[in-house]
Structure formats: structure tokens, C-alpha cells
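# An overview of the molecular structure
The chain contents come next:
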Amino acid sequence: MGKPKVVLGVSGGIAAYKACELLRRLTESGHEVRVVPTAAALKFVGAPTWAALSGHPVSDEVWSDVYDVPHVRIGQSADLVVVAPATADLLAKAAHGLADDLLTNTLLTARCPVLFAPAMHTEMWEHPATQENVATLRRRGALVIEPAVGRLTGVDTGKGRLPDPGEIFEVCRRVVARGVDEPDLAGRHVVISAGGTREPLDPVRFLGNRSSGKQGYALARTAAARGARVTLLAANAELPDPAGVDVIRVGTAVQLREAVLKAAPEADALVMAAAVADFRPATYAGGKIKKQDGREPEPVALVRNPDILAEISAERARPGQVVVGFAAETDDVLTNGRAKLARKGCDLLVVNEVGERKTFGSEENEALVLGADGSETPVPYGPKEALADTVWDLVVARFG
Ligand code: C5P
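Right, let's walk through the structure included here. These numbers were taken from a predicted model, which means no experiment stands behind them.

### Brief notes about the overall build of the chain
Along the backbone of the chain there are 14 helices and 19 strands. Expressed as a percentage of the 400 residues in the chain, the buried residues total 50%. In the chain, the share of contacts with a sequence separation of at least 24, taken over all contacts with a separation of at least 6, comes to 68%. For the chain, the computed accessible surface area is about 19100 Å², with 52% contributed by carbon and sulfur atoms. In the chain, 46 positive and 51 negative side-chain charges are present, and the distance between their average locations comes to 2 Å.

Have a look at this one:
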């Protein structure tokens, strides 16, 4: 099998320089990349840069090498077209089927997955014209990832920033690997919890756990790559924000519960991958607890935290909402898992066997996914994103 063929479309925004990094990541990971900039993009980054980094000639118009019919061939032979950055103007042209340069022609001839990573000022992104164009493109099966919030050109900050090129690359890699044309979570809003809660004891100490957040982040990345609107409730995870994902940071179980309850009414699916502390210190010492000469420390009294998963499973914020829990077990995975599924009342329970090299902090995972309908789906040892994709497959099947 030859290298996957990627067309990198670049339109005319200042973030065009970040596409150089995306291009480098794509070529270094074994993709054959053809860069198709617009004339405006070439004002930001010149053709020699794109040609040198891609190893291919670069043109923005349809009049070079006409005998090769590039305006048709480039799109026809691609396995993925990614436009990063996609300006408001480019999105408008794509939504209306205009074809006045090589990139817009390529978009009309491509029959592979098409991914847009918009970047522009907040006002332009929020304008109804842009929003309607984005909705049109999504309805036709394109993957349009939400811009990030942060520093924009000049002194402005807000929504409209191009996500980190490394994270856009992750989306590209997943779309190419899956080889699926239609994003099957398009139009769905999913809420995922990730990481581990920390329950403060005093200003410098907390009760925590060893969850790294990697499984929850893998769920968020894969959901975004499958077209979902994703809200990630991240509890103390030190990982980069996935592209197109709305990340809300929380600390404690009580804060996580508030964030879950706030997000739940709009969620088609809730996946609770976070490790939530069952107990928290009964009191919080406003100052650091000091050791005292000749005296034993006071015991730490604990109180129970709310069980968020059980609560949202019992009272669904939306009819038909799918709720997924996670459980780490050390032994008798099937019996303990079935009992927990019944106790929590969720639709699916992903049961991990905790052991050496498994689960906490590792890149790999192995699990048994139990369904309230009696189903059992074993997921063999492999990358956390493979488990994430299985979870989404099972969730999609339950959407009906
Ligand atoms: O009961 P246990 O902690 O094993 O259950 C794990 C599942 O329940 C996870 O999905 C976790 O996010 C969720 N959970 C919760 N609230 C708690 C404890 C666990 O939502 N207080």
C-alpha cells in the first residue's frame, strides 16, 4: 500500500505559518502531502516554503501544468483534504461551491473525508453568515473543528484561534486511519469527564488518585474526529487541549458534579471516565496543618462525595441520553462489573482490570465493555484511542 495522500489546503490568515508545522508532522509520519494554498495564503507564507517542506510543486491557480488536469486530479486522488487555517472567505466559498482557484476546485472534486480547521477573529466566526456556512459544510459530511479560545492577531483574545498544529495532526491521523467518509457523531454533543479529582485537606495537601486523564482525552479526541461537539470536563489532567474540544477544568468531585449537571441537559451522551474520589476530608483547614512536637497527628475525618454517575443515570437530563461509566477492578472483573453496572444504572460500563502496566498513566488499555442490555464487548490490549473508538461505536449503536 502506498503512502496515504493528503491535500493540505491553506487559506489566507496569519495562522498559515502554523500549517508549516502541520505539514512537517504529516510528512514525517509517512503521508504524501500536496499543499494547495490560496493566493492570500501565499502573502503570509511563500510557495518555496511549502514546496521545500512537501517535496512537491506548489500553485494556487488552475493554469499551471494544465495537461495534468490538476484542478481535478489532486482532489480525486486524495485520502484526506485538510484546510488549515480555513478563513471565513474560504468556508463561504466551500459552502457555496465556488471554484475560482486550485483549492476550491480541489474541494469540489474530493470524494474523501474533508476537514476544515477554521481560524479568524471572534466576530467573523460568530457572524451568522459564517455559522450558516459551517452548518452547511457539516450537514454535507465535512468535519469542521471548532476554533480554540485564546490570543488572536493583535491585542484581541477570544474564540477563533487555530488549534495547536500537533492536535490538528492528531485529528488528521485518526480520520485517515479510520478511512470513514462520514463523521458518525456529527450533530451529537458528548460530555466526557477525565482525570482524577483532588480533595483538598489544607492549602498545600489533597487526597488524589493516579488517573492521568489519558483515556478521557482519547475519548475526547476520537469523538471530535468523528464529528461530535465535545465538552471535556478535565479534573487535574496535565495534557494539551485536543483540537476542537471545549475544555472545562475542575478540581474536586463537587466541582465536577456541578459541571456535569450544567452540561448534561445538552448532552446526547455522557462518558464518565474520570476517577472521582469517593470521600473528601470533612473539614478544610484554612492554614497548613502543622506537626506538633510530642503529639500524634489528628486523624483525618472523611465524608462521602456524591456519586455523579449514579445520579445522572437515575435522572436523565434528556430522553434517550446514553450514559457510560468506567470501573477499575482488580479481580473477578465480570461479576464485579455486572454488579456495578446495575448499581450505577448506566447504559454501558467499561471495566478495566488494574494491574502492572495497565490503565493508570499508560498509553495502552484493555477492557470489557458491559451493556445494560446484557452485551459484553471485550477490547484487547491496545492504544487507549482504540478503546475510545469501541466506546463510541457502542454509543452510536444506542442512539438508534
Ligand atoms: O464506584 P466507582 O468509583 O468504582 O465507579 C466508577 C465510575 O463512577 C466512574 O465512571 C466514575 O467517573 C464514576 N463515579 C462518580 N462519582 C463518584 C465515584 C465514581 O461519578 N463519587
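Now that the structure has been shown, the text picks up again.
### Quick word on the packing of helix H9 (residues 165–178) against helix H10 (residues 214–225)
Between H9 and H10, whose axes approach to 9 Å, the crossing angle comes to 65°. Between H9 and H10, the interaxial angle falls into the category roughly perpendicular. In this structure, H9 crosses over H10, and the sense of that crossing is right-handed. Contacts from Glu167, Glu170, Val171, Arg174 and Val175 of H9 reach H10 at Arg221, Thr222 and Ala225. Class assignment for the residues of the contact of H9 with H10 results in 3 nonpolar, 1 polar and 4 charged.

### Here's the deal with the site of the ligand
With respect to spatial proximity, the complete set of residues near the ligand consists of Met272, Ala274, Val276, Asp278, Pro306, Asp307, Ile308, Leu309, Gly325, Phe326, Lys340 and Lys344. A distance of 2.2 Å separates an oxygen atom of the ligand from a polar atom in the side chain of lysine 340. Considering the ligand on its own, with 440 Å² of exposed area, one finds that the protein chains cover 87% of that surface. With respect to the detected pockets, the ligand is housed in the largest pocket. Taken together, the elements giving at least two residues each to the shell around the ligand come down to helix H12 (308–314), strand E16 (322–329) and helix H13 (333–344).

### What to know about the pairing of strand E1 (residues 5–10)
Along E1, 5 of the 6 residues are buried, which leaves the element largely enclosed by surrounding structure. Where E1 meets strand E2 (residues 32–37), 6 bridges bridge the pair, whose relative direction is parallel. Looking at the pairing, lysine 5 lines up with glutamate 32 of E2. The parallel pair E1 and E2, bridged by helix H1 (residues 16–28), forms a crossover whose chirality is right-handed. In the sheet, E1 pairs with strand E3 (residues 80–86) via 4 bridges, with the strands oriented parallel. Bridging across to E3, leucine 8 finds its partner in valine 82.

### Quick word on the nonpolar core
Membership of the largest hydrophobic core comes to 35 residues, with the highest contact counts inside it found for Ile192, Leu219, Val230, Trp392 and Val395. Here this core takes 7 residues from helix H14 (residues 384–399), the largest share from any one element. Not counting residues up to four positions away in its chain, the partners in contact with valine 395 are Ala269, Val322, Val324 and Leu348. Core analysis: the next-biggest nonpolar cluster, separate from the first, contains 32 residues, Val10, Ala16, Val35 and Trp50 among them.

### A few points about the layout of surface pockets
Of the pockets and cavities examined, the largest pocket occupies roughly 840 Å³. Contributing to the lining of the largest pocket are 38 residues, with Ala274, Ala275, Val276, Phe326 and Ala328 lying nearest its centre. Put simply, the parts of the chain that give the lining of the largest pocket at least two residues each are strand E8 (189–195), H10, H12, E16 and H13. Of the residues that constitute the lining of the largest pocket, the class distribution is 16 nonpolar, 14 polar and 8 charged.

### Notes on the sheet that holds E1
Taken in spatial order, the 5 strands of this open sheet run E2-E1-E3-E4-E5, and their pairing is parallel. Either end of the sheet is taken by a strand with one partner, and the two such strands are E2 and strand E5 (143–144).

### Side note on the packing of aromatic side chains
Counted by the stated rule, this structure contains 0 aromatic pairs. Its end group placed over the ring of phenylalanine 399, arginine 188 keeps NZ or CZ at 4.1 Å from the ring centre.

### Some points on the side chain of lysine 18
Residue placement: lysine 18 occurs in helix H1. Buried within the structure, lysine 18 lacks any salt-bridge partner; its nearest side chain of opposite charge belongs to aspartate 164, at an N-O separation of 7.1 Å. Apart from residues no more than four positions distant in its own chain, lysine 18 is found in contact with Arg161, Leu162 and Pro165.

### Details of H1
With 13 residues, H1 should cover 18 Å at 1.5 Å per step; its first-to-last C-alpha distance of 19 Å lies within 8% of that length. Of all the positions in H1, only Ala16, Lys18, Ala19, Cys20, Leu22, Leu23 and Leu26 are classed as buried. Glycine 30 sits one or two positions beyond H1 and adopts a positive phi of about 90°.

### Some details on the pairing of strand E18 (residues 364–371)
Of all 8 residues that make up E18, 6 are buried, and the element is covered over most of its length. When strand E17 (residues 348–353) meets E18, the two strands line up antiparallel, connected through 5 bridges. Following the sheet pairing, valine 350 is matched in E18 by valine 369. Here E18 pairs with strand E19 (residues 376–383) via 6 bridges, running antiparallel. Following the sheet pairing, asparagine 365 is matched in E19 by glycine 382. The antiparallel pairing of E18 with E19 creates a hairpin that spans 4 residues between the two strands, and glycine 374 there sits at a positive phi of about 95°.

Rules behind the numbers
- Residues numbered from 1 in each chain as written.
- Predicted model: local features only at pLDDT ≥ 70, side-chain atom pairs only at ≥ 80, totals over all residues.
- Heavy atoms only, no water.
- Helix = DSSP H or I, 4+ residues; strand = E, 2+ residues; numbered from the N terminus.
- Buried < 20%, exposed > 50% of the residue type's maximum accessible area, 1.4 Å probe, protein only.
- Contact = heavy atoms within 4.5 Å.
- Areas by Shrake-Rupley, 256 points an atom, 1.4 Å probe, with all protein chains shown as cover.
- Lys, Arg positive; Asp, Glu negative; His and termini not counted.
- Charge placed at Lys NZ, Arg CZ, Asp CG, Glu CD.
- Axes fitted to C-alpha atoms, helices over the stretch in contact; angles between N-to-C directions.
- Parallel < 35°, antiparallel > 145°, perpendicular 65-115°, else oblique.
- Left-handed = near helix turned anticlockwise from the far one by under 90°.
- Nonpolar A, V, L, I, M, F, W, Y, C, P; charged D, E, K, R; others polar.
- Near = heavy atom within 4 Å.
- Polar contact = N/O pair within 3.5 Å; in protein donor to acceptor, adjacent residues only side chain to side chain.
- 1 Å grid on protein atoms, 1.4 Å probe; cavity = no way out; pocket = protein on both sides within 12 Å on 5 of 7 lines; lining within 4 Å.
- Sits in = over half its atoms within 2 Å of the grid points.
- Pairing = 2+ DSSP bridges.
- Right-handed = clockwise from strand over helix to strand, strands pointing away.
- Core = buried A, V, L, I, M, F, W, Y, C linked by side-chain atoms within 4.5 Å.
- Points joined across faces, edges and corners; volume = space filled by probe spheres on them.
- Phe/Tyr/Trp six-rings, centres within 6.5 Å; stacked < 30°, edge-to-face > 60°.
- Lys NZ or Arg CZ within 6 Å of the ring centre and 35° of its normal.
- Salt bridge = Lys/Arg side-chain N within 4 Å of Asp/Glu carboxyl O.
- Expected span 1.5 Å × (residues − 1).

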